[in-house]
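Read off the chains here:
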Amino acid sequence: PPRSTLFPYTTLFRSQIAAARTELERATTLADGDDPVIYDHLGDVYNRLQMRLEASRAWQRALELYNQGVRGKEDGRVRDIRRKIEQVKEEIGAR
């Protein structure tokens, strides 16, 4: 499709990502906000926004919470988070 037809969708997507960022950041401040799933998703959002350092920090926090037993240790998620952290470290290092 022509680029001009994609612009509204791109704008909508970016505004949804920005809204997700706001909501996830707010969720981390709630009483039950120390949840590894919240931090994993927040890392994903930061990564989509090209905020690599923040993404890595959010994923590190998710790993810490899984290792502390919050929500139980979900090996599949932990492996996935570790992979995302390594990928971001490579991207940051490549700059």
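Residues numbered from 1 in each chain as written. Predicted model: local features only at pLDDT ≥ 70, side-chain atom pairs only at ≥ 80, totals over all residues. Heavy atoms only, no water.

1. A look at the packing of helix 2 (residues 36-48) against helix 3 (residues 52-67)
For clarity, the threshold we go by: For helices, the axis comes from a line fit to the C-alpha atoms of the stretch in contact; other axes are also lines fit to C-alpha atoms, and the angle between any two N-to-C directions lies between 0 and 180 degrees. Put simply, DSSP H or I for four residues or longer makes a helix, DSSP E for two residues or longer makes a strand, and each gets a number counted from the N terminus. Angle categories: roughly parallel below 35 degrees, roughly antiparallel above 145, roughly perpendicular from 65 to 115, and oblique for all the rest. Crossing chirality is assigned from the near helix's rotation relative to the far helix, an anticlockwise turn below a right angle marking it left-handed and a clockwise turn marking it right-handed. In what follows, residue pairs with any heavy atoms lying within 4.5 Å of each other are defined as contacts. When residues are sorted by character, Ala, Val, Leu, Ile, Met, Phe, Trp, Tyr, Cys and Pro go into the nonpolar class, Asp, Glu, Lys and Arg into the charged class, and all the rest, Gly among them, into the polar class.
Running from amino to carboxyl end, helix 2 crosses helix 3 at an angle of 165°, the nearest separation of the two axes being 8 Å. By the angle between their directions, the pair helix 2 and helix 3 is classed as roughly antiparallel. Judged by the sense of rotation from one axis to the other, the crossing of helix 2 with helix 3 is left-handed. Packed against helix 2, whose contacting residues are P36, V37, Y39, D40, L42, G43, D44, Y46 and N47, the element helix 3 presents R52, E54, A55, A58, W59, R61, A62, L65 and Y66 at the interface. Of the residues in the contact of helix 2 with helix 3, the class split is eleven nonpolar, two polar and five charged.

2. A closer look at the side chain of D40
Rules: Between N or O atoms, a polar contact is any pair within 3.5 Å; within protein, one atom must be a potential hydrogen donor and the other a potential acceptor, and residues adjacent in sequence are included only when both atoms are from side chains.
Among the structural elements, D40 can be located in helix 2. There is a polar contact of 2.6 Å between the side chain of D40 and the side chain of K84.

3. Details of the pattern of salt bridges
As a working rule, side chains carrying opposite charge can pair if their charged atoms are close by. Rules: Salt bridge criterion: a side-chain nitrogen from Lys or Arg within 4 Å of a carboxyl oxygen from Asp or Glu. Relative accessibility thresholds used throughout: buried, under 20% of the residue-type maximum; exposed, over 50%; partly exposed, between the two (1.4 Å probe, protein chains only).
In total, this model carries eleven salt bridges according to the counting rule given. Among the ionic pairs, R26 bridges to E23, the shortest N-O distance being 3.1 Å. Of this pair, R26 and E23 both sit in helix 1 (residues 3-27), three residues apart, which is roughly one turn of that helix. When its relative accessible area of 43% is taken as the criterion, E23 is described as partly exposed.

4. Re the side chain of R52
As for its placement among the helices and strands, R52 is situated in helix 3. Within the structure, the side chain of R52 is placed 2.6 Å from the backbone oxygen of N47, a separation counted as a polar contact.

5. Let's talk about the packing of helix 2 against helix 4 (residues 75-93)
Helix 4 packs onto helix 2 with a crossing angle of 30° between their chain directions and a minimal axis gap of 12 Å. Between helix 2 and helix 4, the crossing angle belongs to the class labelled roughly parallel. Here the hand of the crossing between helix 2 and helix 4 comes out left-handed. Mapping the contact onto sequence places V37, D40, D44 and N47 in helix 2 and R77, I81, K84, V88 and E91 in helix 4. A class-by-class count of the residues in the contact of helix 2 with helix 4 yields three nonpolar, one polar and five charged.

6. Brief notes about the nonpolar core
For clarity, the cut-off: For our purposes a nonpolar core is just a set of buried Ala, Val, Leu, Ile, Met, Phe, Trp, Tyr and Cys residues, chained together by side-chain atoms within 4.5 Å.
Y46, W59 and I81 are the most contacted members of the largest nonpolar core, which totals 21 residues. Put simply, the parts of the chain that give this core at least two residues each are helix 1, helix 2, helix 3 and helix 4. At seven residues, the largest contribution of residues to this core is made by helix 3. Apart from residues lying up to four places away in sequence, I81 is in contact with D40, W59, A62, L63 and Y66.

Geometric values such as these leave the question of function open.
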